[in-house]
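The primary structure of each chain is shown beneath.
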Amino acid sequence: MLAAKASSFRSLADAVNSEIEISSSVNPENLVSEITNSLGLVHVKVSGSSISDKSMEMLAATCKSSLEELDVGFCAGISDKGLGYLVSKVARQLSKIHVWGCAQITEDFLDGHDRLDEGGLEIVGVWMKKSGGRSLR
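We now turn to the structure provided with this report. Just so it is clear, the structure is predicted and the values come from calculations on it, not from any experiment.

This part takes up the overall build of the chain. Helix and strand content of the chain: 5 helices and 8 strands. Secondary structure of the chain in N-to-C order comes out as β-α-β-α-β-α-β-α-β-α-β-β-β. Within the span of the chain, comprising 137 residues, buried residues form 44% of the whole. Surface accessibility of the chain: about 7000 Å² in total, with carbon and sulfur atoms responsible for 49%.

Encoded structure:
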């Protein structure tokens, strides 16, 4: 896994078909804006950072044809709306989103995102209400 630091991000932005992990000490808003010139990121892990819905928009625009897995665990700045936007804009290769510790993600997203009916998207780390019961994903 690649670890990004602000000083080394220029060389990381040239990586294609790679993974990126953003440390919580780096401002993820700045890093996400930097990768708008980089294509091909497959796995993005920004857990524990201050990433926001605006970052989700940038990721959707930048990695829409390559993003397969996203980890936004413990990111309090992301909402149902931001994740919903990302899911609606990226291609169908996005197969997994990790949302452990994101209590702000509600059934509005979990039971209402664009890919709900077609399947193929695993949302990991939430308690959710589905068909009258509760299950852990």
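Turning next to helix α4 (residues 80-89). Three or more residues of α4 are buried, namely Asp-80, Gly-82, Leu-83, Gly-84, Leu-86 and Val-87. Against the buried residues of α4 lie α3 (53-62), β4 (69-71), β5 (96-98) and α5 (107-110). If you check the start of α4, you find a side-chain oxygen 3.2 Å away from the backbone N of Lys-81, and it comes from Ser-79.

Look at Phe-74: it is not a glycine, yet its phi comes out positive at around 60°. Summarising the element assignment, Phe-74 is placed in the loop between β4 and α4.

Here α3 crosses α4 at 5°, and the two axes come no closer than 8 Å. Between α3 and α4, the angle falls in the class roughly parallel. When α3 is examined against α4, the residues Asp-53, Met-56, Glu-57, Leu-59 and Ala-60 are found in contact with a partner set consisting of Gly-82, Leu-83, Tyr-85, Leu-86 and Lys-89. Of the residues assigned to the contact of α3 with α4, the class counts are 6 nonpolar, 1 polar and 3 charged.

The rules we used
Residues numbered from 1 in each chain as written. Predicted model: local features only at pLDDT ≥ 70, side-chain atom pairs only at ≥ 80, totals over all residues. Heavy atoms only, no water. Helix = DSSP H or I, 4+ residues; strand = E, 2+ residues; numbered from the N terminus. Buried < 20%, exposed > 50% of the residue type's maximum accessible area, 1.4 Å probe, protein only. Areas by Shrake-Rupley, 256 points an atom, 1.4 Å probe, with all protein chains shown as cover. Contact = heavy atoms within 4.5 Å. Polar contact = N/O pair within 3.5 Å; in protein donor to acceptor, adjacent residues only side chain to side chain. Axes fitted to C-alpha atoms, helices over the stretch in contact; angles between N-to-C directions. Parallel < 35°, antiparallel > 145°, perpendicular 65-115°, else oblique. Nonpolar A, V, L, I, M, F, W, Y, C, P; charged D, E, K, R; others polar.

Any functional reading would require information beyond the geometric quantities listed.
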